[in-house]
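Inside the fold
The chain contents come next:
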Amino acid sequence: MKIRKRTFYRLLLFVLPDFLLALFLVLFFFTDLVSDFSIIMLGLILALLFARSIIYFIKSWFFYNKRVNLITNALYDIKKGKFILPKIEIQHDDELTDLYQEIRTLGKHLDSIFTAQKDEIDKFNDVYNSIIFSISSYFMVLNEFEKIVFATENFCNKFQFDQEDIKGKKIDDIFYFVNARLKGGIRQVRETGDSIILEKTHLLSINKVSIISDIKISSISVQGRREIILLIDDVTSKLRKDYQISLMSQISESIQHDAEIERVLYTILTGVTSGSGLGFNRAILFLVDGEFLAGKMAVGPDSFEEAIDIWSSVQVNELNHSNVDSEVKKHGIKLLEKVLSTKYSLKEDNIFIRSYRKMDSIHIYDSWTDPSLSPETVSFMDVKEFVVVPLIVGNRSIGVIAADNKFNQSPISNDLIELLSIFASQAALSIESYDNLANVRKEMQKIQERQEAIVESEKMAAVGRIAAHIAHEIRNPLVTMGGYANRISQLAKDPARSRDKIVNAAEIILKESQRLERTLSNVMDFTRPAKYIREFNNINDVISDTIRLLKNLFLEKKIVVDLDLKGDIPLVKSDFNQMKQVVLNLIQNCIDATTPGGRIGIFTDSDDENIIIRINDTGSGIDEPDPNIIFEPFFTTKITGVGLGLAIVKKIIKDHNGEITVVNREVGVEFTITLPLPA
Amino acid sequence: MTRLLIVEDEQHQRELYAMELQDEGYEVDQAANGKEAVEMVKSNKYDMVIMDIRMPEMDGIEALGKILSRDKKIPIIIYTAYSNYKSNFMTWTADAYVTKSSNLEELKDKIKEILVSRAV
């Protein structure tokens, strides 16, 4: 077995001096060998022992320190977050080494806990970030001094800012103007702590990027300080779509409502200038008018103050017909006046005529230096950059729209011009359809006139028809009378033998002549303008009188009469006998149509303006598409009828400024008469 | 003996025509409306029908159509108080259109004329 060097040194240091001391003491007590030499020996041994203590102390001190340092460092590392500690070669097993090992184990535990936590945090961070960045809303945090602490990347991209640069700036520094509502909103949220939402707020950055947004303002407390969070939703395109739909529907609506063309044009230009529309500052519309291109409408502020006034107004202007007029009056009066008084001959050469003729848009970047512009045009537009687009329908142009950003001087992008052109073609269609509508109206007018002429000739035809009917009604009794008269003249040759026959014939002639008289008086009543005796009559009396007259007929046909006359009915100015004729004819009609055992109802009523008489039956009804045809002269379903009874009724009622209608009921018909009360 | 059918809703007129035509030597039957006339033509043989237009139940034009659909050859004279339908009688395939008159000579002449032309 090989003795290791260390063991040997240990033996030498710890065992050898003790052995030598023991040997010396044995020799000292049991022998006399101890002499001077022995004293020297003792001293030597003691020196050896002392040296050993020194070495031992030094060695212990060194190792202790080293280990304490190690632990101190380990704790320091852990404090710093370095949990994995180095493994050390253990030379001496003591408490400190154990402690170090414990600390090392603890470090390992901490490390695994920390790693796990860190993973969680990282994951959460990822989720959080992806939430922040995936929402399309812009997100901005302001500190207690309303300076920007954070703004999302998409916000900076949209408004063309550097994400780092805008930190520490105030919102006044990044927006061209800050809507008073937004400022007030931030203040309100800071004071109350409640969140608020500002809808459809106009934001215009110093880089001239403009959006309409819904802004949610809320506050959070960070270490006792109130920070403001702005969540900005860009609703421009949504509004634009809504707007265009509503614009189109409103344009067509205004057309349907026969609105003035001005209203249609105003609506169109509002679409060009409104923030939710195309967002131009000003828009001017010219339309071809004969040989001219004439200014027809303009929308836009007259001055920067007006512009700010419009932009900071409570909300982005919604299209609303009711306030169109007041708005026109409120802003841009000078512009409108100027435009309305402008008229260019189509033979002239200027930018509007050019755009109209070439049917293409023209973009002027700098009108101050552009050689193609006449001084008149330059002073007319009075703006550096503007665009003119034609209004095209099919393959022809009907006018132009000019638009600019005079007040915010935002550059006009090609995309915007593209949009304006599309918009202009829609607008052109609307204008065209308005024009078409106007033409259609004119045509309608003509047709109506023609129709009236036709009606007039129809009336003539009706007169012919009526004449034929009258002729028929008169001829029949005449023929009979003439025939029998003829016969009498023959029979009279032998009067004694033919006496009875002659009497019979004479009676027939008499009857027929009476019939003829009746027919004639009916016809005459109908055609001759009646002379009415107008007095204040109680319509209930008229009805009671008539019913008394018809009492026997009701009994004969076993017809039940339901009578419900309103008491205290107002008197109506009328001809008593004519009204009796009306009621008589109507009831007579009902009796004729009603089978025995049926019912006839007669009711009177009144409201503030009219007296109402209703007469109904349980008869056979009217088998005609429009039951009111029965009021036509000579319409009859009766063999013996002339077809004048109800026509006379209608005429009398009309002469009293009243109305009569008839409807089929489930069984039978109902006549309704309304007679106006004196005003 | 020549047998005629008078179709007329006005009783007095019908009887007058019957008397007058009987005096002329015809045998005369009477119908008060188109429906009756159609029934009578079914069961009797007539040499001629004299037809009014406006009648209850069935008017003369409808009756005329029904009669002709049974017997195409039977002569029919339209005799009416309407003077304004005269241009229509050809389309109704009637043989003559005579407007009513207190003087029956025109009717009597027409009857003779048609009977003669049929006989030839």
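Values in this document were obtained by computation on a predicted structure and should not be read as measured data.

1. Considerations on the pairing of strand E2 (residues 148–151) of chain A
Residue and element names in this part refer to chain A.
- Two elements, strand E1 (residues 138–142) and E2, share 3 bridges in a ladder whose sense is antiparallel. Bridged to valine 141 within E2 is phenylalanine 150.
- Taking the residues that link successive antiparallel strands as the turn, the E1-E2 hairpin has 5 residues, and the phi of glutamate 146 there is positive, at about 60 degrees.

2. Concerning the confidence of the model for chain B
- Confidence in the prediction of chain B, expressed as mean pLDDT, is 88, and 99% of residues score 70 or more.
- Of all the helices and strands in chain B, helix H3 (residues 60–70) of chain B carries the lowest mean pLDDT, 89, while strand E2 (residues 27–31) of chain B carries the highest, 95.

3. Examining unusual backbone geometry
- Phi at glutamine 160 of chain A is positive, roughly 60 degrees, even though this residue is not glycine.
- Here glutamine 160 of chain A is to be found in the loop between helix H4 (153–159) and helix H5 (171–174).

4. Observations concerning the interface of chain B and chain A
- With 22 residues of chain B at the interface, the matching set in chain A holds 22 residues.
- Buried surface at the junction of chain B and chain A, summed over both partners, amounts to about 1,900 Å²; 52% is from carbon and sulfur atoms.
- Here chain B is connected to chain A by 4 salt bridges.
- Connecting chain B to chain A are 10 residue pairs in polar contact (both at pLDDT 80 or more).
- Broken down by element, the residue count for the side of chain B that touches chain A peaks at 8 residues, all from helix H1 (residues 11–23) of chain B.
- Here the residues of the side of chain B that touches chain A are counted per class, giving 6 nonpolar, 9 polar and 7 charged.

5. Digging into the sheet that holds strand E7 (residues 282–289) of chain A
All names here are of chain A.
- The 6 strands lie next to each other as E9-E8-E7-E12-E11-E10, forming an open sheet whose pairing is antiparallel. In the strand order of this sheet, the two ends are held by strand E9 (343–345) and strand E10 (362–364), each with one partner. Averaged over all pairs of adjacent strands, the angle between their axes in this sheet comes to 20 degrees, without regard to strand direction.
- Here 8 bridges tie strand E11 (residues 386–393) to strand E12 (residues 396–404), and the two strands are oriented antiparallel to one another. Residue pairing in the sheet places leucine 391 in a bridge with glycine 399 of E12.
- Across the sheet, helix H11 (residues 333–340) touches E7 and strand E8 (292–299), and the angle it forms with E8 is around 170 degrees.

6. A few points about the pattern of salt bridges
- Applying the stated rule across the entire model yields 39 salt bridges over all chains.
- The salt bridge involving arginine 515 of chain A is made with glutamate 512 of chain A; its shortest N-O contact spans 3.2 Å. Remark: glutamate 512 of chain A and arginine 515 of chain A occur in helix H15 (residues 499–527); sequence separation between them is 3 residues, near one turn of the helix. Across this residue pair, the class does not change: arginine 515 of chain A and glutamate 512 of chain A are buried.
- Between arginine 3 of chain B and glutamate 27 of chain B there is a salt bridge; the shortest N-O distance is 3.5 Å. Here the residue arginine 3 of chain B occupies a position in strand E1 (residues 3–7), and glutamate 27 of chain B occupies one in strand E2, the gap between them amounting to 24 residues.
- It is possible to trace a salt-bridge network through shared partners that takes in Arg487 of chain A together with Glu20, Asp23, Glu24, Glu105, Lys108 and Lys112 of chain B.

7. Examining the sheet that holds strand E5 (residues 96–99) of chain B
Residue and element names in this part refer to chain B.
- Overall, parallel pairing links the 5 strands, which are arranged E2-E1-E3-E4-E5 in an open sheet. Two strands close off the open sheet at either side, each with one partner strand: E2 and E5. Here the strands of the sheet are splayed against their neighbours by 20 degrees on average, with no regard to which way each runs.
- Relative to E2, E1 runs parallel, the two being bridged by 5 bridges. The residue bridging valine 7 from the neighbouring strand is alanine 31, located in E2.
- In this fold helix H2 (residues 34–43) packs onto E1, E2 and strand E3 (48–51), with an angle of close to 135 degrees to the strand it touches most, E2.

8. So, a nonpolar patch on the surface
Residue and element names in this part refer to chain A.
- A cluster of nonpolar side chains, namely Phe8, Tyr9, Leu11, Leu12, Phe14, Val15, Leu16, Phe19, Leu23, Leu27 and Tyr56, defines an oily patch on the protein surface of about 1,000 Å² accessible area.
- Among the elements that take part in the nonpolar patch, helix H1 (residues 5–30) stands out by supplying 10 residues, more than any other.
- Assignment of secondary structure puts phenylalanine 14 in helix H1.
- For phenylalanine 14, a relative accessible area of 32% gives the class partly exposed.

9. Side note on the packing of H2 of chain B against H3 of chain B
All names here are of chain B.
- Orientation of H2 relative to H3, taken along the N-to-C sense of each, is 10 degrees, at an axis distance of 9 Å. In terms of orientation, H2 lies roughly parallel with respect to H3. Taken as a pair, H2 and H3 cross one another with a handedness that is right-handed. On the side of H2, the interface is formed by Gly34, Ala37, Val38, Val41 and Lys42, while H3 contributes Ala63, Lys66, Ile67 and Arg70.
- Classifying every residue of the contact of H2 with H3 gives 5 nonpolar, 1 polar and 3 charged.

10. Brief notes about the packing of aromatic side chains
All names here are of chain A.
- Counted by the stated rule, this structure contains 15 aromatic pairs over all chains.
- A ring pair is formed by phenylalanine 155 and phenylalanine 175, whose centres lie 6.4 Å apart and whose planes are at 85 degrees; its orientation type is edge-to-face. You can see phenylalanine 155 sitting in helix H4 and its partner phenylalanine 175 sitting in strand E3 (residues 175–177), a full 20 residues away along the chain. Across the pair, exposure class does not vary: phenylalanine 155 and phenylalanine 175 are buried alike.
- Between phenylalanine 631 and phenylalanine 671 the ring centres are 6.1 Å apart and the planes differ by 65 degrees, which places this aromatic pair in the edge-to-face class. Of this pair, phenylalanine 631 sits in the loop between strand E17 (610–617) and helix H18 (645–655) while phenylalanine 671 sits in strand E19 (residues 669–676), placing them 40 residues apart in sequence. Here the two residues phenylalanine 631 and phenylalanine 671 agree in accessibility, since each one is buried.
- An aromatic cluster of three or more residues is present, and its members are Tyr138, Phe155, Phe159, Phe161 and Phe175.
- Stacked on the ring of phenylalanine 292, the Lys or Arg lysine 343 has its end atom at 4.7 Å from the ring centre.

Conventions and cut-offs
Residues numbered from 1 in each chain as written. Chains lettered and ligands numbered in written order. Predicted model: local features only at pLDDT ≥ 70, side-chain atom pairs only at ≥ 80, totals over all residues. Heavy atoms only, no water. Pairing = 2+ DSSP bridges. Helix = DSSP H or I, 4+ residues; strand = E, 2+ residues; numbered from the N terminus. pLDDT = per-residue confidence, 0-100. Contact = heavy atoms within 4.5 Å. Buried area = accessible area lost by both parts, 1.4 Å probe. Salt bridge = Lys/Arg side-chain N within 4 Å of Asp/Glu carboxyl O. Polar contact = N/O pair within 3.5 Å; in protein donor to acceptor, adjacent residues only side chain to side chain. Nonpolar A, V, L, I, M, F, W, Y, C, P; charged D, E, K, R; others polar. Axes fitted to C-alpha atoms, helices over the stretch in contact; angles between N-to-C directions. Buried < 20%, exposed > 50% of the residue type's maximum accessible area, 1.4 Å probe, protein only. Patch = residues over 30% accessible without salt bridge, like charges linked within 9 Å, V, L, I, M, F, W, Y side chains within 5 Å. Areas by Shrake-Rupley, 256 points an atom, 1.4 Å probe, with all protein chains shown as cover. Parallel < 35°, antiparallel > 145°, perpendicular 65-115°, else oblique. Left-handed = near helix turned anticlockwise from the far one by under 90°. Phe/Tyr/Trp six-rings, centres within 6.5 Å; stacked < 30°, edge-to-face > 60°. Lys NZ or Arg CZ within 6 Å of the ring centre and 35° of its normal.

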